[in-house]
Amino acid sequence: TTEMAPPSSSSPYVILCDAGSTGTRLYVYSLPSSATTSHEVQIQEGPKIRPGLSSQTPATVGTYLLPAFEAALDMIPGEFHATTPVYVYATAGMRLLPLELQTEIYDALAQGLTSPEARGIVPFVVERENLGTIDGTDEGYFAALAVNYLSGVIGPDLITLPTDQPADSDGLPDRNDLDRNLQSQGDRGLSWFGSKKGAAGNSNSNNGSHRTLLGALDLGGASAQIVFDAALLAGAPPATRRRLQELQNGRSLGLGLRGANEEGVLSMEPADGSGRSVSRNDFFSLSLLGYGGSEMRESVDAYLEEVHARNLQQRGGGRTRKRRLQAANLQLTQRQTQRNNNNNNRAMAQRLMKKNKKNNNQKAEADVDPNTIANPCYPPGYTVTLPSGYIHTGSGQGDVCMEHLDAVMERNARGSCDPGQFCVDLLGPGVQIPNQETFF
């Protein structure tokens, strides 16, 4: 678990660089001072630097983020530059790299940002301990905090808000909408597809109520996170609890099982209605490395190339087969022409030659191009040459794309995924995910 060191009290600003798999975005957060009762956090968004941090090397990373910090100079008043801390946190793109290489990249990045040459652009507080990779469970936890905060379930102090808050006008679901929806689900017993224990809004042995938190499906570039209220595990089927505990103990994937023990005692709201503090233990978070959007697209592309190459091999090779067809047709035409000539039927011979020439052209056009692949997952008209050398042309067939995606997922389920990545059947047979309000 990655913990942030507390920012300097002399600066109300914090710089956070969110290093995703496709790029790094700089954010400047303005924290409320102790002299005000407001908990609102002001956010300024800086430029996104492409490609991602994971594409850098120790030799190139030193200057990688300088354009972003140059923009940050204008976001923070000059008197706070020297006391504003910097955090650089990466996600699944860096998790795919060996730990040793990650360390080398962060070391080189810290040296580059604190070098005399960069001092004019980075006058902020850069400490090596504030540069690193967050694990997948934290990534899911932060996603859940974001959706619960934006939906009015929790405040910026991570305390649950009263259920009678006025509805927002920003189009996002508010606390009242959520509670009405979850209460109706609880009345129908849908929390665990038929299990009423632990349903939202139900009372338990504590004679209190538990406000169910929002879950999240977070699809990044290199990983996907599934996170939900750990209290729902109190009503989970035994097979689900056992499997999730195995994941937590064996792979350090899950958080929050301590928040919903075997007796089903949940974290209750205080009787005075002040709200309870939300922490990591309130969520179960699962991260699937290699199942992000970019990684899965590359997996499907590689699968299509594999199928294409196999089909070419079975058909005798694209261009070789075309030449063989043309040669065979030419020989047939010559033999038939000779027989017709021998019969003094020149008119028939000419018609036959014209017909076979047309057939040859049609066969050549219909033959498989060994370097081009029709990719149903790309939009029509889109063409890209991948590092493999294959040219992918989009056909925009969503249903066919899903079939190929299912094939990739099924192959992973058989255990052929790369070491360090998770197969799609990691939850195991009979395991259910709670039926709750979840945001994608």
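For the structure itself, consult the block above.
Residues numbered from 1 in each chain as written. Predicted model: local features only at pLDDT ≥ 70, side-chain atom pairs only at ≥ 80, totals over all residues. Heavy atoms only, no water.

> How do you make sense of the nonpolar core when you look at a structure like this?
Nonpolar side chains in soluble globular proteins generally cluster together in the buried interior. Counting 32 residues, the largest nonpolar core has I15, L26, L53 and F69 as the members making the most contacts within it. When residues of this core are traced back to their parent elements, those giving at least two are β1 (13-19), β2 (24-30), α1 (66-72), β4 (85-90), α3 (99-113) and β5 (125-133). With six residues, the top contributor of residues to this core is α3. Discounting chain neighbours no more than four positions away, the residues touching L26 are I15, L16, C17, Q44, E45, G46, P47, A68, F69, A72 and M75. Among the nonpolar cores identified, the runner-up in size contains 16 residues, and A236, F284, Y291 and L304 belong to it. (Core = buried A, V, L, I, M, F, W, Y, C linked by side-chain atoms within 4.5 Å. Buried < 20%, exposed > 50% of the residue type's maximum accessible area, 1.4 Å probe, protein only. Helix = DSSP H or I, 4+ residues; strand = E, 2+ residues; numbered from the N terminus. Contact = heavy atoms within 4.5 Å.)

> How should I be thinking about the sheet that holds strand β9 (residues 372-375) in this particular structure?
In any sheet, the strands associate via hydrogen bonds between backbone groups, in a parallel or an antiparallel arrangement. Taken in spatial order, the three strands line up as β9-β11-β10 in an open sheet, and their pairing is mixed. Lying at the two open borders of the sheet, with one neighbouring strand each, are β9 and β10 (383-385). Averaged over neighbouring strand pairs, the angle between their axes works out to 25° when direction is ignored. The pairing of β10 with strand β11 (residues 391-394) spans three bridges and is antiparallel. Its bridge partner being in β11, T385 is matched across the sheet by I391. (Pairing = 2+ DSSP bridges. Axes fitted to C-alpha atoms, helices over the stretch in contact; angles between N-to-C directions.)

> Mind showing me how you'd approach the sheet that holds β2 here?
Taking strand neighbours across the sheet as the criterion, the five strands line up as β3-β2-β1-β4-β5 in an open arrangement whose pairing is mixed. Looking along the sheet, the strands with just one partner apiece sit at the ends: β3 (42-49) and β5. Within the sheet, the average angular offset between the axes of one strand and its neighbour, ignoring direction, is 20°. Examined bridge by bridge, β1 and β2 share seven bridges and lie antiparallel to one another.

> Before we go on, may I ask you to explain the environment of Y13 in this structure?
Along the chain, the position of Y13 falls in strand β1. Between the alpha carbons of Y13 and V41 there is a distance of 10.0 Å; along the sequence they are 28 residues apart. Setting aside residues no more than four positions away along its own chain, Y13 makes contact with V28, Y29, S30, Q44, M75, I76, P77, F80, T84 and P85.

> Help me out: how do you make sense of the state of the cysteines in this one?
Two cysteines form a disulfide when their sulfur atoms are joined by a covalent bond. Considering all chains together, one arrives at one disulfide under this definition. One disulfide bridge connects C377 with C401, the sulfur atoms lying 2.1 Å from each other. Sign of the S-S torsion, about 105° for the bond between C377 and C401, identifies this disulfide as right-handed. Here C377, found in the loop between β9 and β10, pairs with C401, found in helix α10 (residues 398-416); they are 24 residues apart in sequence, far enough to count as distant. Exposure remark for C377: the relative accessible area of 30% places this residue in the partly exposed category. (Disulfide = S-S within 2.5 Å.)

> Could you clarify how one ought to interpret the side chain of S294 in this entry?
With respect to the secondary-structure elements, S294 resides in helix α7 (residues 293-314). The class for S294 is buried, based on a relative accessible area of 18%. Filtering out sequence-adjacent residues up to four positions away, S294 remains in contact with T22, G220 and G221.

> What's the story with the pairing of β4 in this structure? I'm lost.
Both faces of the sheet carry side chains from a regular strand, because those side chains alternate between them. The buried count for β4 comes to six of six residues, which makes it a mostly enclosed element. Here five bridges tie β1 to β4, and the two strands are oriented parallel to one another. Counterpart to D18 in the pairing with β4 is Y89. Summarising the sheet, β4 and β5 pair through five bridges and their orientation is parallel. Bridging across to β5, Y89 finds its partner in G132.

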